[in-house]
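Here is what each chain is made of, one letter per residue.
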Amino acid sequence: MDTQVSKLPGLDDLRKTPEENIREFQEKGHTLVRNILSADEIAAYEPVIVEAAERYNTEKRKMQDRDTYGKAFLQIMNLWRVDEGVKKFVLAKRLGKIAADLMGVENVRIYHDQALFKEPGGGPTPWHQDQYYWPIDTDNTITMWMPLVDIDVDMGMLTFASNSFDKGSIFDYEISDESESAFDDYVKNNKFPITRAETMKAGDATFHKGFTIHNAPGNNSDRMREIMTIIYMADGARVSEPKHQWQRNDHAKWLMSKPVGELIDSELNPKVL
Ligand SMILES: O=C(O)CCC(=O)C(=O)O
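Worth saying up front: this structure is predicted, and the values here are computed from it rather than measured. (Residues numbered from 1 in each chain as written. Predicted model: local features only at pLDDT ≥ 70, side-chain atom pairs only at ≥ 80, totals over all residues. Heavy atoms only, no water.)

(A) Geometry of the pattern of salt bridges. Considering all chains together, one arrives at 20 salt bridges under this definition. Arg 94 is paired through a salt bridge with Asp 13; the nearest N and O atoms lie 2.9 Å apart. Separated by 81 residues along the polypeptide, Arg 94 in helix α5 (residues 93–103) and Asp 13 in the segment before α1 (19–28) bring together distant segments of the chain. Arg 94 sits in the buried class, given a relative accessible area of 3%. For Arg 94, the salt bridge goes to Glu 41, with nearest N and O atoms at 2.9 Å. Of this pair, Arg 94 sits in helix α5 while Glu 41 sits in helix α2 (residues 39–56), and the two are 53 residues apart along the sequence. Exposure class is identical for Arg 94 and Glu 41. Each is buried. Counted as one network, the salt bridges with shared partners bring together Asp 13, Arg 15, Glu 41 and Arg 94. (Salt bridge = Lys/Arg side-chain N within 4 Å of Asp/Glu carboxyl O. Helix = DSSP H or I, 4+ residues; strand = E, 2+ residues; numbered from the N terminus. Buried < 20%, exposed > 50% of the residue type's maximum accessible area, 1.4 Å probe, protein only.)

(B) Structural detail: a negative patch on the surface. On the surface, a cluster of negative charge is contributed by Asp 67, Asp 172, Glu 174, Asp 177 and Glu 178. When you line up the elements, Asp 67 lands in the loop between α2 and α3 (68–72). (Patch = residues over 30% accessible without salt bridge, like charges linked within 9 Å, V, L, I, M, F, W, Y side chains within 5 Å. Areas by Shrake-Rupley, 256 points an atom, 1.4 Å probe, with all protein chains shown as cover. Lys, Arg positive; Asp, Glu negative; His and termini not counted. Charge placed at Lys NZ, Arg CZ, Asp CG, Glu CD.)

(C) View of the side chain of Glu 226. Structurally, the position occupied by Glu 226 is in the loop between β11 (214–216) and β12 (227–234). The contacts of Glu 226, once residues within four sequence positions are left out, are Glu 46, Val 50, Leu 116, Phe 117, Met 146, Pro 147, Leu 148 and Val 149. (Contact = heavy atoms within 4.5 Å.)

(D) Region of the structure containing the packing of α1 against α5. Where α1 contacts α5, the two axes come as close as 8 Å, and the packing angle between them is 60 degrees. The pairing of α1 with α5 is recorded here as oblique in orientation. Relative to α5, α1 is oriented so that their crossing is right-handed. Contact with α1, carried on its side by Asn 21, Ile 22, Phe 25 and Gln 26, involves Asp 101, Leu 102 and Met 103 of α5 and no other residues of that element. Considered class by class, the residues forming the contact of α1 with α5 number 4 nonpolar, 2 polar and 1 charged. (Axes fitted to C-alpha atoms, helices over the stretch in contact; angles between N-to-C directions. Parallel < 35°, antiparallel > 145°, perpendicular 65-115°, else oblique. Left-handed = near helix turned anticlockwise from the far one by under 90°. Nonpolar A, V, L, I, M, F, W, Y, C, P; charged D, E, K, R; others polar.)

(E) Quick look at the site of the ligand. As a structural note, the neighbourhood of the ligand is formed by 14 residues, with Thr 125, His 128, Asp 130, Trp 145 and Arg 225 the closest of them. In the environment of the ligand, an oxygen atom lies 2.8 Å from a nitrogen or oxygen atom belonging to the side chain of Asp 130. Compared with its free state, where it exposes 290 Å², the ligand has 98% of that area covered by protein. Elements supplying a minimum of two residues to the shell around the ligand: β4 (125–128), β5 (141–147) and β11. By residue class, the composition of the shell around the ligand is 5 nonpolar, 6 polar and 3 charged. (Near = heavy atom within 4 Å. Polar contact = N/O pair within 3.5 Å; in protein donor to acceptor, adjacent residues only side chain to side chain.)

(F) Layout of the environment of Lys 93. You can see Lys 93 is positioned in helix α5. With 83 residues separating them along the chain, Lys 93 and Gly 10 place their C-alpha atoms 9.4 Å apart. Beyond its immediate stretch of four places on either side in the chain, Lys 93 contacts Leu 11, Asp 12, Asp 13, Leu 14, Val 272 and Leu 273.

(G) Quick look at empty space enclosed by the protein. Applying the stated criterion across every chain, the model contains 1 cavity of 30 Å³ or more. Lining the largest cavity, in full, are His 128, Gln 129, Tyr 132, Tyr 133, Ser 169, Phe 171, Tyr 173, Ile 175 and Phe 183. Of the residues contributing to the lining of the largest cavity, the split by class is 6 nonpolar, 3 polar and no charged. (1 Å grid on protein atoms, 1.4 Å probe; cavity = no way out; pocket = protein on both sides within 12 Å on 5 of 7 lines; lining within 4 Å. Points joined across faces, edges and corners; volume = space filled by probe spheres on them.)

(H) Representation of unusual backbone geometry in the model. The backbone of Asn 35 shows a phi angle near 55 degrees, a positive value even though the residue is not glycine. Here the phi dihedral of Asn 78 falls at roughly 50 degrees; this positive angle occurs in a residue that is not glycine. Given the relative accessible area of 7%, Asn 78 is considered buried.

In structure tokens:
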């Protein structure tokens, strides 16, 4: 789709992020911002992202042959590096500005993007914390999660344990049945409110902190839950010592193996604003 890029609408205008979103994000560790992309903008970008996700998807197993993680979604990462149309979306200043405002910083850098497509009949996403995977020396990180189609709870709505972000990494589990069970007890014992939207329009987005505990139910509809995510970190973040194999993988894959202690500023991690 690279030849179509100049026809894609620009998403670089900077808007004022509503104060109530900033307050909610800081207090609860997540917020939902409505109407970030218009219906026309979604109509332009949705096919571009879907086409790129389909082109680079490597999951070919039948649903019943996959483990819990594999059943949760098709996960296609860093499409901005291989598709110019997706790059225009992922590096959009409109999106980066909202992330920066919520995080209370002047500028953000890209950690990576991922298309997370939950197939019809796809399983639940177990409870987890994203930042368990990241060798980054700040917890000022954020994930934007944007549906490219209208979704409701039956399609796998992202679900948050509100106020659960401020103790860092809680368990040493990757996303799995074990993380689901351990976090489920933890969330109940701590009486964190469970928060999720009933519906989201294509072009709305949730934003959550790297340590906010979250999960999603399965997709009980007959439609694909098309989600595009972008993970940002505060500009000025440095590489931290990888704590386990998952972080060693991320260090090589998303941080170009920059030495521990160095500023994260490689071409894989551009500033957005
Ligand atoms: O899309 C999902 O089901 C889970 C998404 C998620 O965990 C994330 O974006 O951090």
